[in-house]
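Given next are the chains, with one letter for each unit.
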Amino acid sequence: MEERVDHLAQEVGQAVLGTPHRNPEREASFRRAAAESIVLLKNEGMLPLDKNTCTSFFGRVQRDYFYVGYGSGGDVNAHHCISPMEAVAERGYCHNEPLAQTYAQWCAQNPIPKSDWGQWPAAYPEMPITEEAVRQAALASDQAVIFLGRAVGEAMDNRPEPGWYYLTAQERQLLGWVTTWFPHCAVVVDAGGILDLSWLEEYPVEALVYAFHGGMEAANALVDVLYGDAQPGGRLADTIARRYADYPSADHFGDPDFNEYREDIYVGYRYFETFAPEKVRFLFGFGLSYTTFSLQNRQTSPFSLQVTVTNTGHRTGRQVVQVYAQPPQGKLGKPVRNLIAFEKTAPLAPGQSQTLAFSWKPETLASFDDTGITGYPYAWVLEKGEYRFYAGEDVRNAPLAGCWTLEEDRLVEQCSSEAGPAQSFLRLRPEGENVPFGEGAVPVPVEENHRREEILTQLPQAIPFTGRREIQWEQVARGEATLEEFVAQLTPEELEALTRGEGRMDSSFGIEGNAGMFGGTLPSLRELGVPTVITTDGPAGLRLRHYTDLLPCATALACSWDRELVRTLGNSFGEEMVRMGSDVLLGPGMNIHRDPLCGRNFEYYSEDPRLSGEMASAMVAGIQSVPGRSACIKHFACNNQETNREHNDSRLSQRALREIYLKGFEICVKQAGPKVLMTSYNQINGVWGHYHSQLVTQILRQQWGYDGLVVTDWWMQPEQDPDFPNVYNDAYRIRAGVDVLMPGEGEHDTGKGDSSLLTSLGKENGITLGEIQRSAMQVLKFCLRQKLG
Ligand code: BGC
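Residues numbered from 1 in each chain as written. Predicted model: local features only at pLDDT ≥ 70, side-chain atom pairs only at ≥ 80, totals over all residues. Heavy atoms only, no water.

Observations regarding the sheet that holds strand S22 (residues 516–519)
At step 1: Here we have 6 strands laid out as an open sheet, ordered S22-S23-S25-S26-S28-S31, and mixed in their pairing. At either end of the open sheet lies a strand with only one pairing partner, and these are S22 and strand S31 (709–711). This sheet shows a mean twist of 30° between the axes of neighbouring strands, independent of strand direction.
At step 2: With 4 bridges joining them, S22 and strand S23 (residues 532–537) adopt antiparallel strand pairing. The residue of S23 that forms the bridge with Gly516 is Thr535.
At step 3: Its contacts with the sheet put helix H19 (residues 693–703) on strand S26 (630–636), strand S28 (676–679) and S31, and the angle it makes with S31 is roughly 155°. (Pairing = 2+ DSSP bridges. Helix = DSSP H or I, 4+ residues; strand = E, 2+ residues; numbered from the N terminus. Axes fitted to C-alpha atoms, helices over the stretch in contact; angles between N-to-C directions. Contact = heavy atoms within 4.5 Å.)

Put into structure tokens, the structure is as follows:
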């Protein structure tokens, strides 16, 4: 990946083109979205702040805010960004002016140095301050707000160290002095993921606001929330544990070579609620409001219920209602809470009520049996017993709202054994009779691998080569010729060129800073009218050498629990894609927050697959509602760590894969029909994502019915197909059903493109013409869909 690193470094050094563009209507909608995602975790009455009471603001993040994380998902040239302190001053809210000036001058004199790709600062050096200065500030005002900020990103995991996941000694000292001298102290955390909050046990802060990176309107939204101009609309999309070590992945995260997912399906709240409720500091789904609500549940059928929410407080607000299922333990063992549905109310005035209706299919409650213990190996199964449903305001404050009893085990969907681990390891399972369960361990079954036979029996028929008939792509688009006829006239070289990008980022066919082009990569293809397709990062904004909108990051959006809002933002993304000539947005990212230290968590939604799947569906639907624009969901799959990400192997059971790590993708594929999907850099049970026929062909295409395009993440690793010695690199990839290598050419080659595809063509068990045509057809089908909207 060195090539990529250099390339990006060059790009970073280049000037931004054009001028920023302010659009009040769009800014207002991003501002609302950011406020809907801010989570109020603690409030002993200090918030909202009074605009006429003087407040002292501490911490350089008041000026140098983190609007987004780092890397391809963050490197956006936003039209504008103002800092929280600028927003406070601009609105004339009473604050400790000399203190604000001290910070402003210091920040101006100590700018954040430019950094190389992957070497970004997780925290900025803090302004030195004395206890005497804090005491002086307290003479001017009774209340203080401390800003804490962190950002990590691509190729850079967070670290369990001060200045990273933990506070620095200087930050602690500041907390100590401010809580000593000020009667009232609130803290704002500006971050892309979960940070250690154990310091709450030591310092008497009265209020805690968790603001996940909120994009270019982040500071305006934060100030709106701090002063009560907007409600804190967010609810946590992840559990905040008491200590890092409390996360069940903590002992098996960060290894450069491989990580065994020993916690299995017990990720996030599924672990805490089942085994260790006492380890939770803030519950999944939790968030306070400036008003209060009462909830009344009523089961309306075995698979539906209604919840009436009434605003019992004194301010207008919205509540998020969450429905969880507790399936019977059965033979498989199960998490005692599983999110199955959620809705957010409209803004409710004091005294106002709204009744929300929830329904789900029984299949939603099924588990994946990867052992055969239920009698249904490699199948989705409903085990007999009592299913309980809880509805409420977070994972634990959700009373029993309904039940359903199943008399006999039921097969929901027979699948096959795919993508399991080659070696066994121990995985967690509940032990004992009562909640919380004891932590038992059982061996993970190893995979029964039948990939060679699967591939050989599914080889596509080749379309016989007709020679050039000058059928134009436009004729296919108009329905005057078939796709097959068009493909039949293409040479192997042209077919090969359709299965890879042009070979570089920043294609001259698109706007400056784009991520690469595919489609009409050869002059002869373009002469036939094959379009050039321009891709751009994503997911929080268009990463270009032009000014573009910067939206709240994915985790922030998940905290809004608001599908409609996310769909609207997706639509505005799509509109900007039209303006910038981007055809495919490389997002949303939808990997699971397995561990709070994963550097790219800010690009992903949640620890929960349903919330991730629904949010991604809303984003995809929004983007693709704009004609000719596509979303590319990524990274398929288990890209849950950045350390050695191109080589790391995520080892996990088929059950964890299906129920947790693939589930969100499945929901999104089935609900929203993304036109493109990107594989991941990492290996999944010993096979790189870009070679994973079991994930891509067997599960994604055959079982879920996905008919879109599959592209690699940028570049791939050279490798020989273990089942077919004549097949390697691009041929291995095409055999897996991964249609397009992006941005094209291998890092391992000489710059002329990887010859492995054509070299293996026609060899014994080598790649077949039909396989190359199959991927080429996917590219052309994609182009047709783009054209048809
Ligand atoms: C990232 C992708 C991104 C691509 C293009 C890769 O390094 O993993 O998420 O879309 O680069 O910039």
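Brief notes about the sheet that holds strand S27 (residues 649–651)
At step 1: With mixed pairing, the 4 strands of this open sheet are ordered in space as S8-S27-S29-S30. For this open sheet the edge positions go to strand S8 (258–260) and strand S30 (687–688), each flanked by a neighbour on one side alone.
At step 2: Here 3 bridges tie S8 to S27, and the two strands are oriented parallel to one another. Paired with Asn259 across the strands is Ser650, a residue of S27.

Regarding the packing of aromatic side chains
Here a ring pair, both rings aromatic, is described through the centre-centre distance and the interplanar angle of the planes.
At step 1: One pass over the structure, following the stated rule, counts 29 aromatic pairs.
At step 2: With 5.1 Å between their ring centres and 75° between their planes, Phe636 and Phe665 make a pair best called edge-to-face. Residue Phe636 is found in strand S26, and its partner Phe665 is found in helix H18 (residues 663–672); the two are separated by 29 residues along the sequence.
At step 3: Judged by relative accessible area, Phe665 falls into the buried class, the value being 0%.
At step 4: Between Arg337 and the ring centre of Tyr390, over which it is positioned, the NZ or CZ distance is 3.7 Å.
At step 5: Above the face of the Phe724 ring, Arg735 is positioned so that its terminal group lies 4.5 Å from the ring centre. (Phe/Tyr/Trp six-rings, centres within 6.5 Å; stacked < 30°, edge-to-face > 60°. Buried < 20%, exposed > 50% of the residue type's maximum accessible area, 1.4 Å probe, protein only. Lys NZ or Arg CZ within 6 Å of the ring centre and 35° of its normal.)

Considerations on the pattern of salt bridges
One side chain can pair with another of opposite charge once the charged atoms of both are near each other.
At step 1: For the structure shown, the criterion picks out 57 salt bridges.
At step 2: Salt-bridge contacts for Asp264 lead to Arg427; the nearest nitrogen and oxygen are separated by 3.3 Å. Linking Asp264 in the loop between S8 and helix H8 (269–275) with Arg427 in strand S20 (residues 426–431), this pair joins segments that are 163 residues apart in sequence.
At step 3: Taking relative accessible area as the criterion, Asp264 reaches 2% and is therefore assigned buried.
At step 4: Look at Arg427 and you get buried, because its relative accessible area is 7%.
At step 5: Where Asp608 meets Arg270, a salt bridge forms, and the shortest distance between an N and an O atom there is 2.8 Å. Pair noted here: Asp608 is in the loop between strand S25 (584–586) and helix H16 (609–624) and Arg270 is in helix H8, with a separation of 338 residues, a long-range link. Both residues of the pair, Asp608 and Arg270, count as buried. (Salt bridge = Lys/Arg side-chain N within 4 Å of Asp/Glu carboxyl O.)

Focus: H16
At step 1: Here H16 is 16 residues long and its end C-alpha atoms lie 22 Å apart, about the 22 Å a rise of 1.5 Å per residue gives.
At step 2: Capping of H16 at its N-terminal end is provided by Asp608; its side-chain oxygen lies 2.9 Å from the backbone amide nitrogen of Arg610. (Expected span 1.5 Å × (residues − 1). Polar contact = N/O pair within 3.5 Å; in protein donor to acceptor, adjacent residues only side chain to side chain.)

Considerations on the nonpolar core
At step 1: Counting residues in hydrophobic clusters, the biggest one holds 178 residues, and the most contacted among them are Leu41, Phe58, Leu197, Trp199, Tyr210, Phe636 and Tyr661.
At step 2: In this structure, Ala481, Ala497, Ile767 and Met777 belong to the second largest nonpolar core, which totals 52 residues. (Core = buried A, V, L, I, M, F, W, Y, C linked by side-chain atoms within 4.5 Å.)

Some points on unusual backbone geometry
At step 1: In this structure, Gly538 follows Asp537 across a cis peptide bond, with omega equal to -10°.
At step 2: For the peptide bond that leads from Gly587 to Pro588, omega is 5°, which places it in the cis range.
At step 3: Positioned with a positive phi, Tyr378 is a non-glycine residue whose angle comes to about 55°.

Examining the environment of Met85
At step 1: As for its position among the elements, Met85 is in helix H3 (residues 84–91).
At step 2: Residue Met85 is classed as buried on the basis of its relative accessible area of 1%.

Remarks on the environment of Asn259
At step 1: Note on placement: Asn259 falls in strand S8.
At step 2: Note: C-alpha distance between Asn259 and Asn648 (389 residues apart in sequence) is 7.8 Å.
At step 3: Apart from the residues lying within four places of it in its own chain, the contact partners of Asn259 are His252, Phe253, Gly254, Arg594, Gln641, Asn648, Asp649, Ser650 and Arg651.
At step 4: A distance of 3.4 Å separates the side chain of Asn259 from the backbone nitrogen of Gly254, its partner in a polar contact.

Regarding the confidence of the model for the protein chain
At step 1: Chain-level pLDDT for the protein chain is 95 on average; 97% of the residues reach the 70-or-more range.
At step 2: No element of the protein chain has a lower mean pLDDT than helix H1 (residues 2–13), which averages 46, and none a higher one than H8, which averages 99.
At step 3: Below pLDDT 50 for its whole length, residues 1–10 participates in 23 contacts with residues either more than four positions away or in separate chains. (pLDDT = per-residue confidence, 0-100.)

With respect to the packing of helix H5 (residues 131–140) against helix H6 (residues 169–181)
At step 1: Contact pair H5 / H6: the axes reach a minimum separation of 9 Å and the direction vectors enclose 35°. The two elements H5 and H6 meet at a crossing, and its hand is right-handed. Contacts between H5 and H6 involve Glu131, Val134, Arg135 and Ala138 from the first element and Leu174, Trp177, Val178 and Trp181 from the second.
At step 2: Looking at the contact of H5 with H6 residue by residue, the classes come out as 6 nonpolar, no polar and 2 charged. (Left-handed = near helix turned anticlockwise from the far one by under 90°. Nonpolar A, V, L, I, M, F, W, Y, C, P; charged D, E, K, R; others polar.)

Description of the packing of helix H2 (residues 24–37) against helix H15 (residues 563–580)
At step 1: Put simply, H2 and H15 touch, their axes get as near as 11 Å, and they point 145° apart. As for the relative orientation of H2 and H15, their crossing is left-handed in sense. Residue-level inspection shows Arg26, Ser29, Phe30, Ala33 and Glu36 of H2 in contact with H15, the latter providing Leu565, Leu569, Ser572, Glu575, Glu576 and Arg579.
At step 2: Partitioning the contact of H2 with H15 into residue classes produces 4 nonpolar, 2 polar and 5 charged.

Regarding the pairing of S20
At step 1: The pairing of S20 with strand S21 (residues 438–443) spans 6 bridges and is classified as antiparallel. Paired with Arg429 across the two strands is Gly440, which belongs to S21.

Quick look at the side chain of Glu607
At step 1: Here Glu607 lies in the loop between S25 and H16.
At step 2: For the buried Glu607, no salt bridge is present, and the opposite-charge side chain at shortest range is Arg270, 6.7 Å distant.
At step 3: A distance of 2.7 Å separates polar atoms of two side chains, one belonging to Glu607 and the other to Thr239.
At step 4: Once you skip the residues sitting within four places of it in the chain, Glu607 turns out to touch Ala237, Asp238, Thr239, Val267, Gly268, Tyr269, Phe284, Ile592 and His593. (Lys, Arg positive; Asp, Glu negative; His and termini not counted.)

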